[in-house]
Amino acid sequence: MKDVNKIKIKINLYKYRYLIYLILLAIALLVFIKILPYINIPTDATTIGVVGTLLGAIVGGIFTLIGSIYVNNKQLTANFEIKRKNIIYRPLYDELLEVNKIITEENPYPTYIVFEKRTQTIVRHPQLDAWNRINSDSRILETPECLKKQYNKLIDSIKKYEKERNTVNEPIKNALNEELLKKLNTSCSITNIGDVISSDILENKFNRHCLNSYINNPFNSGEDVSNEKILELQQTLLKRCNEIDEVKNVRNIYNEWIKEQNKTIELLENLIIEIGIKYEKQRS
């Protein structure tokens, strides 16, 4: 425990070293001002010349040393930041862009999300494993606190969505069967029909042939249902489902996920751009 505390003290001393230097310099100046009246300053030209030369050599040497240390530290910082960009920021950024493409273009309101890389399904679903990999090795120690905090918010929002997503399936199925009973005196024989059409309901729209492919055989109405009746059924079902509490809840949670994801993408983008401006251009 003592060793750990010593290391923590050393880390804090290094972290606040410039502030400590400033305080020490201020103290040294104050001491010098206090003792200055008691110092016998030589007045002959030879002594003044020797002292001036000596002071000049000392000050010049100090500034040369400070300059070389500064340049060396700047180079080390540049190498560190560029490495951090390539092994932390970019993998996270690229993965989130891919997830964003999936949920905006291919699979809005996905029924499931995985936190590892697997074989993709026909309709792709979000897969996130970069953060788990970073958390599993030493890269997490090099990750800035602002990114840790934001990414954990994102993961929490995704897990909350994942937990609540399928709560809409049964209410949607019940609403559909009730409308079928009223309009066609029948019901749907597909047990997971709520799961099948829930994404369209949550998007507040139906694909053109969403119910057409399920309606005549599974609904067992005894007669073919016209496209007009199917369209009417879709509109009535959408209106009714928009009032279901579970549907409203999942939409709100999904929007929170998207909000946190956009904030995380923006943060990563700014971190990458900052490194490009501050370090990579100087090296080229």
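Structure shown above.
Small disclaimer: the values here were computed from a predicted structure and weren't measured.

1. Remarks on the overall build of the protein
So, step 1. When helices and strands are tallied, the protein shows ten helices and zero strands.
So, step 2. In the protein, buried positions account for 33% of the 284 residues.
So, step 3. Summed over its atoms, the accessible surface of the protein is roughly 18,500 Å², and 58% of this surface lies on carbon and sulfur atoms.

2. Some details on the pattern of salt bridges
So, step 1. The tally for this structure, following the rule as stated, stands at 16 salt bridges.
So, step 2. With a shortest N-O distance of 2.5 Å, glutamate 98 and arginine 124 are connected by a salt bridge. Taken together, the positions of glutamate 98 in helix α3 (residues 45-106) and arginine 124 in the loop between α3 and α4 (130-135) put the pair 26 residues apart, joining distant regions of the chain.
So, step 3. For glutamate 98, a relative accessible area of 34% corresponds to the partly exposed category.

3. Focus: the packing of helix α6 (residues 169-184) against helix α7 (residues 193-202)
So, step 1. Viewed as axis vectors pointing N to C, α6 and α7 meet at an angle of 95 degrees, and their least axial separation amounts to 8 Å. One finds that α6 runs roughly perpendicular with respect to α7. Between α6 and α7, the contacting residues are Asn169, Ile172, Lys173 and Leu176 on the first element and Ile193, Gly194, Asp195, Ile197, Ser198 and Ile201 on the second.
So, step 2. Looking at the contact of α6 with α7, its residues break down into five nonpolar, three polar and two charged.

4. Concerning the packing of aromatic side chains
So, step 1. All told, the structure shown has five aromatic pairs when counted by the stated rule.
So, step 2. Taking the centre distance of 4.6 Å and the plane angle of 20 degrees together, the rings of tryptophan 131 and tyrosine 151 count as stacked. A residue pair is termed long-range when its members are at least 10 positions apart, and tryptophan 131 in helix α4 and tyrosine 151 in helix α5 (residues 145-164) qualify at 20 residues.
So, step 3. Note on tryptophan 131: relative accessible area 6%, which makes it buried.
So, step 4. Residue class for tyrosine 151 comes out buried when judged on its relative accessible area of 1%.
So, step 5. Plain terms: the ring middles of tyrosine 161 and tryptophan 257 are 5.0 Å apart, the flat faces sit at 45 degrees to each other, and that makes the pair tilted.

5. Section: the environment of isoleucine 193
So, step 1. Note on placement: isoleucine 193 falls in helix α7.
So, step 2. Judged by its relative accessible area of 0%, isoleucine 193 is buried.

6. Comments concerning the packing of α6 against helix α9 (residues 227-241)
So, step 1. It is at 10 Å that the axes of α6 and α9 come closest, and there the two elements cross at 135 degrees. On the basis of the axis angle, α6 is oblique to α9. Considering only the axes of α6 and α9, their crossing is right-handed. Where α6 abuts α9, its residues Ile172, Ala175, Leu176, Glu178, Glu179, Leu180, Lys183 and Leu184 lie against Lys229, Glu232, Leu233, Thr236, Leu237, Arg240 and Cys241.
So, step 2. Residue composition of the contact of α6 with α9, by class: eight nonpolar, one polar and six charged.

Calculation notes
Residues numbered from 1 in each chain as written. Predicted model: local features only at pLDDT ≥ 70, side-chain atom pairs only at ≥ 80, totals over all residues. Heavy atoms only, no water. Helix = DSSP H or I, 4+ residues; strand = E, 2+ residues; numbered from the N terminus. Buried < 20%, exposed > 50% of the residue type's maximum accessible area, 1.4 Å probe, protein only. Areas by Shrake-Rupley, 256 points an atom, 1.4 Å probe, with all protein chains shown as cover. Salt bridge = Lys/Arg side-chain N within 4 Å of Asp/Glu carboxyl O. Axes fitted to C-alpha atoms, helices over the stretch in contact; angles between N-to-C directions. Parallel < 35°, antiparallel > 145°, perpendicular 65-115°, else oblique. Contact = heavy atoms within 4.5 Å. Nonpolar A, V, L, I, M, F, W, Y, C, P; charged D, E, K, R; others polar. Phe/Tyr/Trp six-rings, centres within 6.5 Å; stacked < 30°, edge-to-face > 60°. Left-handed = near helix turned anticlockwise from the far one by under 90°.

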